[in-house]
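# Overview (structure and organization)
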Amino acid sequence: MTPERKIPERRSRKARRTRDTLAQAAFELVLDRGLRNVTVEEIAEAADVDRRTFSRYFTSKEAAALDSLRGDGDRINAALRARPAPEPPLLAYRRAVLDWLADPAAEPWHRRPRIFDLLVVAEEEPTLYAVFHHIRVDAQEDSVAIVADRLGVDPRQDIRPAVTVAAGAGALLAAQAAWVRGGRPDALPALVAEAFDALSADLLGEPRPAPEQHRPTPEEHRGAPEQHRGAPEQHRDITSTTRTTSTTEEAEGTEATS
């Protein structure tokens, strides 16, 4: 390796260490003191750099605090690229997420210290959640490109890659929200599996038919007119009786008069 090549690599490693140090400082300060009680200057001071150096790496304290989550999208996408080509796209996405969750070396969220706490704070702080959303969107754009490559299509012309990733990422987001609100840090893998099960079974299944209303049997249908026909007969009997009674009374009245 030439000396000219060593210098850029050394600078790159130094820049990576500086970025990681700033991100770790922001992560710890936000969790220890709360997002609103931490300033950019305090993060820079904790990382032993100045404010200008902070601004070279991050646009906000929220971006610095969540930087450790950015690599998780890359890990999921790496697992997605590694899935066998014949797998259907949504199944491949599901298994990529589960591969990430099962790999201790990848440090998934439920295995990494205080990530659960960070996502709890993100649910409560709108500005932090907005940055988290952008991190997810960036990862999903890469996922769409990977799925399109698996299908051999242009994602600008074929909507299937975007739909696949939107569905899979939505299942992961729903599981993550349930995980944070449920208060059980070890439950994430089971919730992710449950979310994908719901997506592929309940929501994609045929809708259940509405309960059928009672329909009269042919015998009931034939019997119904008989009942209806009986009513006029009964009405005529009553009318006939009334008329007979009236005629008798009139006759009696005539005899009494004469």
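Residues numbered from 1 in each chain as written. Predicted model: local features only at pLDDT ≥ 70, side-chain atom pairs only at ≥ 80, totals over all residues. Heavy atoms only, no water.

### Focus: the overall build of the chain
How we decide: Here a strand is any run of E in DSSP of at least two residues, a helix any run of H or I of at least four, and the numbering for each starts at the N terminus. Any residue under 20% of the maximum accessible area for its type is buried, any over 50% is exposed, and the rest in between are partly exposed; the area is computed with a 1.4 Å probe on protein chains only. Between two residues, a contact is recorded if the distance between any of their heavy atoms is within 4.5 Å. To measure how exposed things are, a 1.4 Å probe is used in the Shrake-Rupley method; for residues, cover is taken only from the protein chains shown.
Each helix and strand counted, the chain has 11 helices and zero strands in total. Going from the N terminus to the C terminus, the chain shows its helices and strands as α-α-α-α-α-α-α-α-α-α-α. Taken over 258 residues, the chain has a buried fraction of 33%. Considering only intrachain contacts with a sequence separation of at least 6, the fraction spanning at least 24 residues in the chain is 62%. By element, 53% of the accessible surface of the chain is carried by carbon and sulfur atoms, the whole surface being about 16900 Å².

### Observations concerning the confidence of the model for the chain
Rule in force here: The pLDDT score gives, residue by residue, the confidence of the prediction method on a 0 to 100 scale.
Averaged over the chain, the pLDDT score is 83; the fraction of residues at 70 or greater is 74%. In the model, residues 224-258 has pLDDT below 50 throughout and makes zero contacts with residues more than four positions away in sequence or in other chains.

### A few points about a positive patch on the surface
Quick note on the threshold: Grouping into patches uses exposed residues only, defined as over 30% relative accessible area, and leaves out salt-bridged ones; the cut-off is 9 Å for like charges and 5 Å for nonpolar side chains (Val, Leu, Ile, Met, Phe, Trp, Tyr). Whenever a carboxyl oxygen of Asp or Glu lies within 4 Å of a side-chain nitrogen of Lys or Arg, that contact is scored as a salt bridge. His is not counted, nor are the chain ends, whereas Lys and Arg count as positive and Asp and Glu as negative. In this description, the location of a charge corresponds to atom NZ of lysine, CZ of arginine, CG of aspartate or CD of glutamate.
There is a patch of like positive charges on the surface, built from Arg-10, Arg-11, Arg-13, Lys-14 and Arg-17. The exposure class of Arg-11 is exposed, given its relative accessible area of 62%.

### Notes on the pattern of salt bridges
For the structure on display, the rule yields 17 salt bridges. When the shortest N-O distance is used, the salt bridge between Arg-51 and Glu-41 registers 2.7 Å. Remark: Glu-41 occurs in helix α2 (residues 40-46) and Arg-51 occurs in helix α3 (residues 51-57); sequence separation between them is 10 residues. Exposure remark for Glu-41: the relative accessible area of 45% places this residue in the partly exposed category. As a salt-bridge pair, Asp-138 and Arg-70 come within 3.2 Å of each other at their nearest N and O atoms. Of this pair, Asp-138 sits in helix α8 (residues 126-151) while Arg-70 sits in helix α5 (residues 67-82), and the two are 68 residues apart along the sequence.

### A look at α8
Here is the rule: Expected helix span is taken as 1.5 Å per residue step, with the number of steps being one fewer than the number of residues.
For α8, which comprises 26 residues, the first-to-last C-alpha distance of 37 Å matches the rise-based estimate of 38 Å (1.5 Å per residue) to within 8%. Of the positions making up α8, those classed as buried are Leu-128, Val-131, Phe-132, Ile-135, Arg-136, Ala-139, Ser-143, Val-144, Ile-146, Val-147 and Ala-148. Buried residues belonging to α8 abut α4 (61-65), α5, α6 (89-102), α7 (115-124) and α9 (160-182). Among the residues trailing α8, Gly-152 stands out with phi positive, at a value near 70°.

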